[in-house]
Amino acid sequence: MAKLCVNVDHVATLREARKIDMPDPLEAALLAEKAGSAGITVHLREDRRHIHDRDVRAIKKAIKTKLNLEMATVPEIVEFALKIRPDQVTFVPERRQEITTEGGLDVTVRQRKMRKIIESFRKKGITVSLFIDPDPRQVRASSDLGADAIELNTGQYSQTKTGRKLKTELDKIEKAAALSDGLSLVTHAGHGLNLNNIRPIASIPVIEELNIGHSIIARAIMVGLGAAVAEMRKAIVIKPSRK
Ligand code: PXP
């Protein structure tokens, strides 16, 4: 059975809407752990639009499960990550203008640089995962580069609602997962997964880890809003003082 790692970036996104100290992604990480999450995922973006360096430090220090740090392979973030030593890094492509990660890495290019970076993390005992599209060329190249794991991008699958195209997208993921396993890579998957589309992906036996953020945080608002309103109503009721 695949383990769930909860991505708490969106908690920081909400915090940054006000630039104050709530909601706190660390508190969310601890709640997710308490609810059985096997790990916490955060993406430290170059523009620090949601997660900040201090969040990564605080989460790394406080959680009891594993920290998976999503990051681009840019020198500044690489240096930070090597210092912080998360349990796992997942290298992702990053574009400033994108709303979220839009596609997998192309690991068939600039391989010398990538190999060096992968080595520097593995030397420190940090697991290296590469976020790639479910494409056999990318899976083979990931193995050649010496990565420990790949995370198959389920974004395309998640955006496909019904019909033959959905089967095609699922087939690609199943085949890439089988190839990854055959090459002794650990297989993860993530992006766009939710309660409606998770089953076929969670049924792929070789997938060991699922990284899910948006749908869980979105759902948390809906299942938690009632309690938050009730709490505030209770706080508003001021009892008349007895004089
Ligand atoms: N995996 C990777 C590599 C990602 O970049 C993201 C988004 O930060 C996720 C998984 C989680 O995607 P979602 O928020 O759509 O569940």
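Whatever comes next refers back to the structure up there.
Small disclaimer: the values here were computed from a predicted structure and weren't measured. (Residues numbered from 1 in each chain as written. Predicted model: local features only at pLDDT ≥ 70, side-chain atom pairs only at ≥ 80, totals over all residues. Heavy atoms only, no water.)

Scanning the protein chain from terminus to terminus reveals 10 helices and eight strands. Here the C-alpha atoms of the protein chain give a radius of gyration of 19 Å, agreeing with the 18 Å that 2.2 N^0.38 yields for 243 residues. With the principal axes as the frame, the protein chain shows a C-alpha extent of 80 × 45 × 35 Å. Counting over 243 residues, the protein chain shows a buried share of 44%. Intrachain contacts of the protein chain at a sequence separation of at least 6 include 65% that bridge at least 24 residues. Split by element, the accessible area of the protein chain, about 14100 Å² in all, is 56% carbon and sulfur. (Helix = DSSP H or I, 4+ residues; strand = E, 2+ residues; numbered from the N terminus. Rg over C-alpha atoms; globule rule 2.2 N^0.38 Å. Buried < 20%, exposed > 50% of the residue type's maximum accessible area, 1.4 Å probe, protein only. Contact = heavy atoms within 4.5 Å. Areas by Shrake-Rupley, 256 points an atom, 1.4 Å probe, with all protein chains shown as cover.)

If you check the shell around the ligand, you find 15 residues, and the closest are T101, E151, G192, G213 and H214. A distance of 2.5 Å separates a nitrogen atom of the ligand from a polar atom in the side chain of E151. In this structure, an oxygen atom belonging to the ligand sits 2.8 Å away from a main-chain N or O atom of H214. For the ligand, whose unbound accessible area comes to 390 Å², protein coverage reaches 93%. In a pocket analysis with a 2 Å cut-off to the grid points, the ligand is assigned to the second largest pocket. Class assignment of the residues belonging to the shell around the ligand gives a composition of three nonpolar, nine polar and three charged. (Near = heavy atom within 4 Å. Polar contact = N/O pair within 3.5 Å; in protein donor to acceptor, adjacent residues only side chain to side chain. 1 Å grid on protein atoms, 1.4 Å probe; cavity = no way out; pocket = protein on both sides within 12 Å on 5 of 7 lines; lining within 4 Å. Sits in = over half its atoms within 2 Å of the grid points. Nonpolar A, V, L, I, M, F, W, Y, C, P; charged D, E, K, R; others polar.)

Before going further, it helps to examine the nonpolar core. Counting 58 residues, the largest nonpolar core has F91, F121, L130 and I201 as its most contacted members. In terms of residue count, helix 4 (residues 75-84) provides more of this core than any other element does, six residues in total. When near neighbours in sequence (up to four residues on either side) are disregarded, L130 contacts F91, L105, V107, M114, I118, S142, L145, A147, A149, I150 and E151. (Core = buried A, V, L, I, M, F, W, Y, C linked by side-chain atoms within 4.5 Å.)

Counting across every chain of the model gives 12 salt bridges. The partner of R122 in a salt bridge is D148, and the shortest N-O contact between them spans 2.9 Å. Taken together, the positions of R122 in helix 5 (residues 111-123) and D148 in the loop between helix 6 (136-144) and strand 6 (149-153) put the pair 26 residues apart, joining distant regions of the chain. For R122, a relative accessible area of 44% corresponds to the partly exposed category. (Salt bridge = Lys/Arg side-chain N within 4 Å of Asp/Glu carboxyl O.)

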